[in-house]
Amino acid sequence: KMAGAFAYESSEVDWCEDNYRHSDSVVEYYNTVSSFIFFIFSPLMLYLLHPYARERSWAVHLVWTMMIFVGLFSIYFHMTLSYVGQMLDEISILWVLAIGYALWFPRRHFPNFIKNRSEFSILVFLTTVFSTLSSFAKPTVNAYALNCIALHILYCLGLELKGCTNPKVLRLAWVSVGWWVLAIGCWLSDRFLCNFWKRINFCYLHSIWHILIVVATAHGSTVIAYFDATHEIPYALPEIKYWPRDDWPVGLPYISVKGSSRTQKKC
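Residues numbered from 1 in each chain as written. Predicted model: local features only at pLDDT ≥ 70, side-chain atom pairs only at ≥ 80, totals over all residues. Heavy atoms only, no water.

Account for the nonpolar core, naming residues and giving values.
Membership of the largest hydrophobic core comes to 60 residues, with the highest contact counts inside it found for Phe 41, Tyr 52, Trp 64 and Phe 227. The biggest single contributor to this core is helix α11 (residues 205-232), with 13 residues. If near-sequence neighbours (up to four positions away) are discounted, Phe 41 is found in contact with Trp 64, Val 214, Val 215, Ala 218 and Leu 252. Counting 9 residues, the second-largest nonpolar core is a separate cluster that includes Ala 98, Tyr 101, Phe 120 and Cys 156. (Core = buried A, V, L, I, M, F, W, Y, C linked by side-chain atoms within 4.5 Å. Buried < 20%, exposed > 50% of the residue type's maximum accessible area, 1.4 Å probe, protein only. Helix = DSSP H or I, 4+ residues; strand = E, 2+ residues; numbered from the N terminus. Contact = heavy atoms within 4.5 Å.)

Break down the layout of surface pockets for me, with residues and values.
In this structure, the largest pocket occupies an estimated 1,200 Å³ of space. Lining the largest pocket are 50 residues, and of these Leu 97, Ala 150, Ile 153, Ile 213 and Thr 217 sit closest to its centre. Secondary structure elements with two or more residues in the lining of the largest pocket: α5 (60-80), α6 (83-104), α8 (142-161), α9 (167-192) and α11. When residues of the lining of the largest pocket are assigned to their parent elements, the largest contribution, 13 residues, is made by α11. Looking at side-chain class alone, the lining of the largest pocket contains 29 nonpolar, 13 polar and 8 charged residues. (1 Å grid on protein atoms, 1.4 Å probe; cavity = no way out; pocket = protein on both sides within 12 Å on 5 of 7 lines; lining within 4 Å. Points joined across faces, edges and corners; volume = space filled by probe spheres on them. Nonpolar A, V, L, I, M, F, W, Y, C, P; charged D, E, K, R; others polar.)

Mind laying out the packing of α5 against α11, listing which residues take part and the relevant values?
The interhelical angle for the contact between α5 and α11, taken along N-to-C directions, is 175°, at an axis separation of 13 Å. Our classification of the angle between α5 and α11 gives roughly antiparallel. Seen from α5, the contacting residues are Trp 64, Met 67, Ser 74 and His 78; seen from α11, they are His 206, His 210, Val 214, Thr 217, Ala 218 and Ser 221. Residue classes in the contact of α5 with α11 are distributed as 4 nonpolar, 6 polar and no charged. (Axes fitted to C-alpha atoms, helices over the stretch in contact; angles between N-to-C directions. Parallel < 35°, antiparallel > 145°, perpendicular 65-115°, else oblique.)

Mind laying out the side chain of Ser 82, listing which residues take part and the relevant values?
Within the secondary structure, Ser 82 is located in the loop between α5 and α6. For Ser 82, a relative accessible area of 0% corresponds to the buried category. Within the structure, Ser 82 has its side chain in polar contact with the backbone nitrogen of Gly 85 (distance 3.0 Å). Setting aside anything within four residues of it in sequence, one finds Ser 82 in contact with Ala 5, Phe 6, Ala 7, Glu 9, Ser 10, Ser 11, Tyr 76 and Phe 77. (Polar contact = N/O pair within 3.5 Å; in protein donor to acceptor, adjacent residues only side chain to side chain.)

Right, dumping it as structure tokens:
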């Protein structure tokens, strides 16, 4: 039974892309290849966020380190469509979200019985362990549950933006939401409109989802890190910058942390 869990196509999940069309050893070729985008963005974000992590917490690096594992497990899953591959892929995403919640969830929204971030992190850890074990009960619903968590993240982001007047932050927030809408649109369309895409011979929306969701994560996590730096780092004046050049119309956003004891904070 254990060997069967590792077997090719042992997962109940099968995406729209034709299986074995481009390789005898790779089930979903383009879904596999597109997962390499994680290996491009993750090291770059680790580098760009290093100054912020140095001031805030080295745990910041766990987010994008785990994203490397998400990419690795995504490659394994789409290469084999195995049950083990599916679970590794989905559980790694769950733990990325858990680390993000433990690190960045605003203190003022903590439950009343939580006194500090350490206690909140323990709560998140226990909840994630329970969710990890529960994910084996009905694996076919895991992906939907993970995407629903994004709705709560959007809600929390909306609360943070209510009092924000910084046009650069507001612009990045809307761009982040736009990337996410495009990404989730590709995911849902691949899942539910597969017959249509097969008729026009375009079954690559899940591979496009991989690219868009990494871009959306890079943008969205930068917005969240901006508010976190404002609240959590004493005397910090965070600023959103873009790589490779701040004056280019398109770039990868990151946080620059500056300030002194006389810093006047504002969104």
